[in-house]
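The lines below spell out each chain.
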Amino acid sequence: MNKPLSGTENEYRIAVYPGSFDPVTLGHLDIIQRAAKQFDRLIVAVLNNTTKTPLFSVEERKALLAEVTKEMPNVEIDSFRDLLVRYMRSRHARVIIRGIRSVTDFEYELQMASTNRQLDESIETVFMMTNPKYSYLSSSIVKEIAKFDGPVHDLVPPAVEAGLKGKYKSPQSAD
Ligand code: ADP
């Protein structure tokens with residue numbers, strides 16, 4: 001899924017947007033679109049976290065991200081299971097992108113950013129404020145609605161809506 005670079009990696013400003021993306025929502029997509037404008041290359045990196053039980057596999061999440069970013073030439077989709085700062089070094093990236101929706105997000109994100117700075121001072125975390133339209137939106141909310149066959153078309157791209165239908169198509173419990 002690598003898109004070709006036309007120079008040496010070091011000439012480029014490369015940012016990584018890490019996350020679970022289980023699944024990607026319009027809130028994530030808004031951050032991806034905005035971040036892609038600020039950097040030469042944006043790597044959206046799905047965290048392969050063995051302690052969480054995701055709805056979509058890493059490969060499914062990557063495929064959905066690839067589908068919804070296919071018109072964005074400087075966006076690449078990848079996954080990682082290493083320490084984020086080590087993964088960043090392997091990709092010659094110096095900037096971590098994270099989205100902030102609320103004070104609660106901020107507190108957690110500040111802790112993560114401080115930890116990453118402690119691990120590697122050369123890496124910066126850049127926070128992007130949520131688009132107010134999506135400030136309430138999370139992958140968990142989307143899954144909760146989709147589980148009960150509620151409408152998610154205003155919350156996720158069409159490919160994700162179809163993916164959610166596929167996951168929850170088995171009959172609901174009778175009670
Ligand atoms: P993680 O498990 O790493 O938090 P998520 O997929 O939930 O993974 O989120 C990835 C990043 O996207 C986080 O920085 C999160 O704050 C941000 N994000 C999620 N939803 C939104 C949204 N609606 N608006 C802006 N940022 C968001």
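Quantities reported herein were computed from a predicted structural model and do not represent experimental measurements.

(A) Quick look at the UniProt feature "domain: Cytidyltransferase-like" (unreviewed entry) in the protein. The UniProt feature table records "domain: Cytidyltransferase-like" (unreviewed entry) at residues 16–144. Helix makes up 42% of residues 16–144 and strand 22%, whereas the separation of the span's terminal C-alpha atoms amounts to 28 Å.

(B) Region of interest: the side chain of Ser-139. Here Ser-139 is to be found in helix α5 (residues 139–147). With sequence-adjacent residues up to four places away left out, Ser-139 is seen in contact with Asp-22, Pro-23, Thr-25 and His-28.

(C) How the structure looks around the nonpolar core. Ranked by internal contacts, the top residues of the largest apolar core, which has 35 residues, are Leu-42, Val-44, Ile-97 and Leu-164. For this core, the elements supplying multiple residues, two or more each, are β1 (14–19), α1 (26–38), β2 (41–47), α2 (58–68), β3 (75–80), β4 (95–100), α5 and α6 (158–167). Ignoring anything within four residues of it in the chain, the contact list for Ile-97 reads Ala-15, Val-16, Tyr-17, Pro-18, Ile-31, Ala-35, Phe-39, Leu-42, Val-126 and Met-128. Judged by nonpolar contacts, the second largest core, of 12 residues, contains Ala-45, Met-88, Ile-96 and Ile-123.

(D) Molecular detail of the pattern of salt bridges. Applying the stated criterion across every chain, the model contains 13 salt bridges. The residue Asp-120 makes a salt bridge to Arg-89 at a minimum N-O spacing of 2.7 Å. Of this pair, Asp-120 sits in the loop between α4 (103–119) and β5 (124–129) while Arg-89 sits in helix α3 (residues 84–90), placing them 31 residues apart in sequence. The closest approach of N and O atoms between Glu-161 and Lys-165, which form a salt bridge, is 3.5 Å. Within this pair, Glu-161 and its partner Lys-165 are both found in helix α6, separated by four residues, close to a single helical turn. Residues joined by salt bridges that share partners form a network here, namely Arg-41, Glu-76, Asp-78 and Arg-91.

(E) How the structure looks around α2. Every buried residue of α2 is listed here: Val-58, Arg-61, Lys-62, Leu-64, Leu-65 and Val-68. Buried positions in α2, seen along its axis, are confined to an arc of 160° and lie on one side of it. Buried residues in α2 make contact with α1, β2, β3 and α6.

(F) Seen up close, the packing of aromatic side chains. Under the criterion given, the structure shown has three aromatic pairs. Note on Phe-80 and Tyr-87: the rings are 4.8 Å apart at their centroids and 20° apart in plane angle, and the pair reads as stacked. The burial state of Phe-80 is the same as that of Tyr-87; both residues are buried.

(G) Geometry of the site of the ligand. As a matter of local geometry, the ligand sits amid 17 residues, with Tyr-17, Ser-20, Gly-99, Thr-130 and Tyr-134 nearest to it. The contact in question runs from an oxygen atom of the ligand to an N or O atom on the side chain of Tyr-17, over 2.7 Å. In the model, an oxygen atom of the ligand is placed 3.4 Å from a nitrogen or oxygen of the Glu-109 side chain. The protein chains hide 88% of the 550 Å² of surface that the ligand would expose on its own. Going through the elements one at a time, β1, α1, β4 and α4 are the ones with two or more residues in the shell around the ligand. Looking at side-chain class alone, the shell around the ligand contains six nonpolar, six polar and five charged residues.

The rules behind each value
- Residues numbered from 1 in each chain as written.
- Predicted model: local features only at pLDDT ≥ 70, side-chain atom pairs only at ≥ 80, totals over all residues.
- Heavy atoms only, no water.
- UniProt positions renumbered as here; feature names shortened; annotations may be inferred.
- Helix = DSSP H or I, 4+ residues; strand = E, 2+ residues; numbered from the N terminus.
- Contact = heavy atoms within 4.5 Å.
- Core = buried A, V, L, I, M, F, W, Y, C linked by side-chain atoms within 4.5 Å.
- Buried < 20%, exposed > 50% of the residue type's maximum accessible area, 1.4 Å probe, protein only.
- Salt bridge = Lys/Arg side-chain N within 4 Å of Asp/Glu carboxyl O.
- Arc of directions from axis to C-beta.
- Phe/Tyr/Trp six-rings, centres within 6.5 Å; stacked < 30°, edge-to-face > 60°.
- Near = heavy atom within 4 Å.
- Polar contact = N/O pair within 3.5 Å; in protein donor to acceptor, adjacent residues only side chain to side chain.
- Areas by Shrake-Rupley, 256 points an atom, 1.4 Å probe, with all protein chains shown as cover.
- Nonpolar A, V, L, I, M, F, W, Y, C, P; charged D, E, K, R; others polar.

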